[in-house]
Structure formats: C-alpha cells, structure tokens
Amino acid sequence: MDRYLTQNFEIAAASFTMATVVVLMIWIPIYDVVLVPFLASCTGQPRGISSKLRMGIGLVISCVAMAVGAITEGIRRRIAI
C-alpha cells in the first residue's frame, strides 16, 4: 500500500487508526452544535430526529460503505491480476 501523500511525506502504518479518532473528534461537536439544533427546528422534536430514523440512516450508510468497499476490492483485484 502506498502511504506517501507527497514524495517526502509518508504516513506511518500505525497512524491509520488515528484517522477514525480524529474524524470522530471533529464530527461529534459539529453534530451536537449544528446538526441537532437544525433538525430540531425542522422536525419539532427536541433531539432532532427519532431513534428509529437515526438507526435507519446508520444502516443505509453501512450498506453504502459495504458496496463501496466491494467495488474498490473488485477494482483492486482486477488491477493486481
């Protein structure tokens, strides 16, 4: 796997797990400060959207992520073989 972002900058392999932590540290405050109040004003519910809708959105995102992973793996295998 090519871990170089530029010719002189290589990402350490152990740092890949930190990407998840950094993204969550950025996303959670944005969700709490921006998205929930906006959805609360649109839906009239104090928590923004219902738990069932939130779970449904999570399942759809999981399905899309799995499809993207399958497509990426198919392309990777086609190039490797």
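Quick notes on the rules
Residues numbered from 1 in each chain as written. Predicted model: local features only at pLDDT ≥ 70, side-chain atom pairs only at ≥ 80, totals over all residues. Heavy atoms only, no water. Helix = DSSP H or I, 4+ residues; strand = E, 2+ residues; numbered from the N terminus. Rg over C-alpha atoms; globule rule 2.2 N^0.38 Å. Buried < 20%, exposed > 50% of the residue type's maximum accessible area, 1.4 Å probe, protein only. Lys, Arg positive; Asp, Glu negative; His and termini not counted. Charge placed at Lys NZ, Arg CZ, Asp CG, Glu CD. Phe/Tyr/Trp six-rings, centres within 6.5 Å; stacked < 30°, edge-to-face > 60°. 1 Å grid on protein atoms, 1.4 Å probe; cavity = no way out; pocket = protein on both sides within 12 Å on 5 of 7 lines; lining within 4 Å. Points joined across faces, edges and corners; volume = space filled by probe spheres on them. Nonpolar A, V, L, I, M, F, W, Y, C, P; charged D, E, K, R; others polar. Contact = heavy atoms within 4.5 Å. Salt bridge = Lys/Arg side-chain N within 4 Å of Asp/Glu carboxyl O.

Asker: Please clarify how the overall build of the protein should be interpreted in this entry.
Answerer: Scanning the protein from terminus to terminus reveals two helices and zero strands. A compact globule built from 81 residues should have a C-alpha radius of gyration of about 12 Å, whereas the protein, at 18 Å, is more than 25% larger. Summarising its shape, the C-alpha atoms of the protein cover approximately 55 × 30 × 15 Å along the three principal directions. Looking at the protein as a whole, 4% of its 81 residues are labelled buried. Of note, the protein has its 7 positive side-chain charges centred 13 Å away from the centre of its 4 negative side-chain charges.

Asker: Hey, could you run me through the packing of aromatic side chains in this one?
Answerer: Tallied over the entire structure, the rule returns one aromatic pair. Seen from their ring centres, Trp27 and Tyr31 are 6.1 Å apart, and the 45 degrees between their planes marks the pair as tilted. One end of the pair, Trp27, and the other, Tyr31, are both in helix α1 (residues 16–43), four residues apart, so they sit about a helical turn from each other. On the basis of relative accessible area, Tyr31 is assigned to the partly exposed category, the value being 21%.

Asker: How do you make sense of the layout of surface pockets when you look at a structure like this?
Answerer: The gaps left among the atoms become clear once a water-sized probe is rolled over them. Put simply, the largest pocket is a space of about 180 Å³. Where the lining of the largest pocket is concerned, the elements lending two or more residues are α1 and α2 (51–80). Partitioned by chemical class, the residues of the lining of the largest pocket number seven nonpolar, one polar and one charged.

Asker: Whenever I open this one, the environment of Ala40 confuses me. Can you help?
Answerer: With respect to the element layout, Ala40 can be found in helix α1. Considering only alpha carbons, one finds Ala40 and Asn8, 32 residues apart in sequence, at a separation of 47 Å. With sequence-adjacent residues up to four places away left out, Ala40 is seen in contact with Gln45, Pro46 and Gly48.

Asker: Honestly, the pattern of salt bridges in this entry has me stumped. Any pointers?
Answerer: Oppositely charged side chains are able to pair whenever their charged atoms sit close together. Counting across every chain of the model gives two salt bridges. Notably, a salt bridge pairs Glu10 with Arg3, separated by 2.7 Å at the nearest N-O pair. Arg3 sits in the partly exposed class, given a relative accessible area of 25%. We note a salt bridge from Arg76 to Glu73, for which the minimum N-O separation is 2.6 Å. Here Glu73 and Arg76 lie together in helix α2, a separation of three residues that amounts to about one turn. With relative accessibility at 46%, the residue Arg76 sits in the partly exposed group.

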